[in-house]
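Understanding the architecture of this molecule
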Amino acid sequence: MDVDTRLLRYFVAVAEEGTLTRAAERLFVSQPALTKQVKQLEAQLGVRLFTRSRTGMALTEAGRALVERVPALLADWDRAAREAKGAASLAGRVLRVGFLASAANEATPGIIAEFTRRRPGWRVDMRQASWSNPSAGLAEGDVDVALLRLPFPGQGALRTAALFTEPRWVALPDAHPLAERDVIRFRDLRDEPFVAAPQETEWWRDFWLAADEREGRPVRIGAVTDQPDDWLSAIANGYGVALAPASAARFYARPGVTYRPVTGVSPSRVGVAWAHDGGPAVQDFVRCCLDHPWPQESDG
């Protein structure tokens, strides 16, 4: 029997979340679509996987048996897919480098130039990832190495090296009263609504909300965005403020948004990440990153 791995991923999400509503939000699909996929999997297997009630979705005996096996099966499949993608890319002398917005932007051309000097005939394919993918495609095997912000979800399964740190600033609407200040204390921002990354980014989202540095104050979410343009629009339109790397003031300047330094909040770290089994070309790129003359701390 052939089963689409997507159906299995949907099944696991419903089992872990306990409700179709939360699972649909996590998967970014509609609830009716998710219900249809669960029923399709049950039809293919010929068993009932969930008992549905007003309180949620409870696993049946068949469902419990399946959920014990599926995560390991999906992990093996993901590993095989990553290895196949990586082998095809490196065989073609192409190094796929993922990156998140503003991570090592200014240094990237120099790093690529040094890499191609060390490996003549190779090409670097830069691939920008959305904020809902904080590993910049590395966890899925879509890239061989990534320039990104530390920490990020799934970091423990990969190798990482910090490259430099830079302060976190705040982006505000031009008309915001705090925009008139030269420097803003984070304690004065704690009660503001924030523009946040999607919830599934977990500790990445928490870091950019400074969730652990609020002295118990709850976070207010004014908008959720996944791309820099949407993020900027939400801020400019007054839906909230947002912490950002100091370099965002250069790379993402736009009318309607003011950037200011913030005191009382920890800095951001830029790093390079790669798989434990990264080959010689990956190691060369990592070495080029580590050898780059990074500043001790960027002032933005």
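**Regarding the sheet that holds strand S7 (residues 168-173)**
Spatially, four strands are ordered S8-S12-S7-S11 in an open sheet, and the strand pairing comes out mixed. Only two strands of the sheet have a single neighbouring strand rather than two, namely strand S8 (184-185) and strand S11 (242-245). Two elements, S8 and strand S12 (residues 257-263), share two bridges in a ladder whose sense is parallel. Within the sheet, the bridge partner assigned to Arg-185 lies in S12 and is Thr-263.

**Let's talk about the side chain of Ser-268**
Tracing the backbone through its elements, the reader meets Ser-268 in strand S13 (residues 268-274). We classify Ser-268 as buried; its relative accessible area is 0%. Among the polar contacts listed, one links the side chain of Ser-268 to the side chain of Arg-149, at a separation of 3.0 Å.

**Considering the pattern of salt bridges**
Evaluated as defined, the whole model comprises 17 salt bridges. One salt bridge connects Glu-17 with Arg-22, and the closest N-O pair in it is separated by 3.8 Å. Here Glu-17 falls in the partly exposed class, since its relative accessible area comes to 24%. Residue Arg-22 is classed as partly exposed on the basis of its relative accessible area, which comes to 42%.

**Observations regarding the environment of Gly-256**
Structurally, the position occupied by Gly-256 is in the loop between helix H8 (248-251) and S12. The spatial distance from the C-alpha of Gly-256 to the C-alpha of Val-47 is 56 Å, given a sequence separation of 209 residues. The residues contacting Gly-256, other than those within four sequence positions of it, are Leu-172, Pro-173, Asp-174 and Ala-236.

**A look at the pairing of strand S3 (residues 94-99)**
Burial of S3 is extensive: six of the six residues sit out of reach of the surface. The alternating pattern of S3 places Val-94, Arg-96 and Gly-98 and Leu-95, Val-97 and Phe-99 on opposite faces, both of which are buried. As defined by bridge partners, S3 adjoins strand S4 (residues 123-128) across six bridges and the pair is classed as parallel. If you follow Arg-96 over to S4, its bridge partner there is Asp-125. Strand direction decides the pairing type here: S3 and strand S5 (residues 145-150), joined by three bridges, are parallel. When the sheet's bridge partners are listed, Gly-98 is paired in S5 with Ala-146.

Calculation notes
Residues numbered from 1 in each chain as written. Predicted model: local features only at pLDDT ≥ 70, side-chain atom pairs only at ≥ 80, totals over all residues. Heavy atoms only, no water. Pairing = 2+ DSSP bridges. Helix = DSSP H or I, 4+ residues; strand = E, 2+ residues; numbered from the N terminus. Buried < 20%, exposed > 50% of the residue type's maximum accessible area, 1.4 Å probe, protein only. Polar contact = N/O pair within 3.5 Å; in protein donor to acceptor, adjacent residues only side chain to side chain. Salt bridge = Lys/Arg side-chain N within 4 Å of Asp/Glu carboxyl O. Contact = heavy atoms within 4.5 Å.

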